[in-house]
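Listed below are the residues making up each chain.
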Amino acid sequence: MKNSLISVENFNTSWAMSKIMVFFLFIFLFYISYSMKFVSHSYDCNPEPQSYSTHQQHQSELTIFPSNPTPKPEIKIQTKTNLSHIVFGIGASSKLWNQRKKYIKLWWKPDQMRGVVWLDKSVETKPEDENLLPPLKISSNTSKFKYKNAKGHRSAIRISRIVSETLRMGLEDVRWFVMGDDDTFFVAENLVRVLQKYDHNQFYYIGSPSESHLQNMYFSYNMAYGGGGFAISYPLAKELEKIQDRCLQRYPNLYGSDDRIQACMAELGVPLTKHRGFHQFDVYGSLLGLLTAHPITPLVSVHHLDVVQPIFPDMDRVKALEKLTGPMKMDSASLMQQSICYDPNRSWTVSVSWGYAVQILRGIFSARDMEMPARTFLNWYQRADYTGYSFNTRPFSRHACQKPFVYYFSNASFDSNSTQTEYVLNRIPNPACKWKMSDPSRVKRIQVSKRPDPHMWDKSPRRNCCRILRSKKKGTLMIDVGACNEGEVVELR
């Protein structure tokens, strides 16, 4: 009996264990089966975007129709600023128009430019001028505005409103308004290069102060001088036009038009963005020292052409500027750009101002000295000494033997991929020198070879390098000018 009970208990235990094992086996098989189905299912990691179609491809598929599809916004490609985006406003006087219109003809491009000459009253026009000058308009009456400056002239109010009056003409696709005087000479291609660097959709007031420290102290270092020209972006011009007439009433004691513009800019909270390529040239005398040491930046404008001497000797002012347009058309980006190098065999320092002049100096002068303008000019306040400038200057020569031999631009041509410019020794002889070294006067001509680089101002600013070449022509110095090579510096080893 006892053995029978044990057998029954063992049977029950075995049966219970068998049921548990069968249960777990069933669970295991179900898991394996489910996993295999999951793994065997095909997935596309890069599904094609669903295409909407009104055609039923398969009866088992559901045709999907888009509901109110949203059209894609039109993307406007922003083109780089060019001359067509600039409108010039030129302040002119009827008394001086016949004389000064000759300057405008030298740089104005009727088929590419837009702008207006604003006069105080009508002038006699000639048929031959119609296609060579901007259209003429008469400024609106400004008698309602007060003017109380005893030393100035109320025409300043008229000229200060030129940007606003030009804006009201409603011209399309305008990005910049550029202000200048009738005796301002613009290098248009360089003006475009400068404005391309700024966002015309933002508020910009671009120009330069005066060369005279005393002028800047009397007016403002934060003011763009109108004769040198300044640029105002279209959105800023719109804001200026809204408030300008009210603004002008608050400043009856100011002297000129450009300080009135700056006063209104101050009320708008827009500072002057300074660019050293705009030149007021508040100086007298020769521009040689300033132009042969031009800052490393594009030459944009030249002003006071009736005050300074002609930039080339032995010709009038208009003819001199007309001569400059030759190299300007060939390589405007490089115009007046300085290069400095040495002739070690003859102990000469050579400075090339491309398209304008080359100087040879006896002795070795550092690049630091040569990039400093030589004082061939006088301050606007003629009693002021050399401390009256807003930049560093140096004497034209400290010794008779160190007076530069100046070679002025003569002609230019293209040779393969390079420009060939020639410079001829100035007729005025240099003082006698007893130094026992090579005499630069034996060089009668200088030929400069340079490859144009229209994108030189798209890179960080750097002065070009020049190299003295061997020449088989007697009395001729050969120079190569171009971008500096790696490791090339202005030094004499």
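This write-up is about the structure you can find in this document. Please read these numbers as outputs of a predicted model, since none were measured by experiment.

## Details of the state of the cysteines
Inspection of every chain in the model, using the stated rule, returns 4 disulfides. Note that C341 is cross-linked by a disulfide to C466, the S-S spacing being 2.2 Å. Because the torsion about its S-S bond is -110 degrees, the bridge between C341 and C466 counts as left-handed. Remark: C466 occurs in strand β18 (residues 465-469) and C341 occurs in strand β11 (residues 338-343); sequence separation between them is 125 residues. Note on cysteine connectivity: C465 is disulfide-linked to C484, with sulfurs 1.9 Å apart. The chirality of the disulfide connecting C465 with C484 is right-handed, given an S-S dihedral of about 95 degrees.

## Let's talk about the pattern of salt bridges
In the structure shown here, the tally under the stated rule is 19 salt bridges. With its nearest N and O atoms 3.0 Å apart, the salt bridge here joins D331 to K450. Remark: K450 occurs in strand β17 (residues 445-450) and D331 occurs in the loop between α10 (317-330) and β11; sequence separation between them is 119 residues. For the pair D331 and K450, one class covers both residues: buried. Among the ionic pairs, R467 bridges to D480, the shortest N-O distance being 2.8 Å. Taken as a pair, R467 in strand β18 and D480 in strand β19 (residues 476-482) lie far apart in primary sequence, 13 residues in all. Linked through salt bridges whose partners overlap, the residues forming this network are R100, D182, D183 and D306.

## Examining the packing of aromatic side chains
By the definition in use, this model includes 19 aromatic pairs. Pairing W176 with Y204 gives two aromatic rings, centres 6.4 Å apart and planes at 40 degrees, and the pair type is tilted. Of this pair, W176 sits in strand β4 (residues 176-181) while Y204 sits in the loop between α5 (188-195) and β6 (205-207), and the two are 28 residues apart along the sequence. Among the residues examined, Y204 registers a relative accessible area of 24% and is labelled partly exposed. For the pair Y284 and W380, a centre-to-centre distance of 5.0 Å together with 10 degrees between the ring planes defines the contact as stacked. With Y284 in strand β9 (residues 283-285) and W380 in the loop between β14 (377-379) and β15 (405-415), the pair connects residues that are 96 residues apart, well separated along the chain. The exposure class of W380 is partly exposed, given its relative accessible area of 23%. One aromatic cluster is present, formed by F88, W107, W108 and F186 through successive ring pairs.

## Brief notes about the nonpolar core
The nonpolar side chains of soluble globular proteins are, as a tendency, buried together. Core analysis: the largest hydrophobic core is formed by 72 residues, its most contacted members being F88, I446 and I479. Each residue touching I479, except ones within four places of it in the same chain, is listed here: V350, V352, V358, I446, Q447, V448, S449, C466, R467, I468 and L469. Counting residues in each nonpolar core, the second largest holds 26 residues, with M179, A224, A237 and V270 among its members.

## Focus on the sheet that holds strand β7 (residues 230-233)
Read from one edge of the open sheet, 7 strands run β3-β2-β1-β4-β7-β6-β8, paired in mixed fashion. At either end of the open sheet lies a strand with only one pairing partner, and these are β3 (136-138) and β8 (273-274). For β4 and β7, the ladder comprises 4 bridges, and the chain directions are antiparallel. Bridging from a neighbouring strand, V178 pairs with A231 of β7. Where α5 meets the sheet, it contacts β1 (86-91), β4, β6 and β7, and its direction lies at approximately 120 degrees from that of β1.

## Let's talk about helix α2 (residues 97-107)
Counting along an α-helix, one turn takes 3.6 residues, and residues three or four places apart therefore face a common direction. Every buried residue of α2 is listed here: W97, R100, K101, Y103, I104, L106 and W107. Check the buried side of α2 and you find it contacts β1, β2 (114-119), β3, β5 (185-186) and α10.

Parameters and conventions
- Residues numbered from 1 in each chain as written.
- Predicted model: local features only at pLDDT ≥ 70, side-chain atom pairs only at ≥ 80, totals over all residues.
- Heavy atoms only, no water.
- Disulfide = S-S within 2.5 Å.
- Helix = DSSP H or I, 4+ residues; strand = E, 2+ residues; numbered from the N terminus.
- Salt bridge = Lys/Arg side-chain N within 4 Å of Asp/Glu carboxyl O.
- Buried < 20%, exposed > 50% of the residue type's maximum accessible area, 1.4 Å probe, protein only.
- Phe/Tyr/Trp six-rings, centres within 6.5 Å; stacked < 30°, edge-to-face > 60°.
- Core = buried A, V, L, I, M, F, W, Y, C linked by side-chain atoms within 4.5 Å.
- Contact = heavy atoms within 4.5 Å.
- Pairing = 2+ DSSP bridges.
- Axes fitted to C-alpha atoms, helices over the stretch in contact; angles between N-to-C directions.

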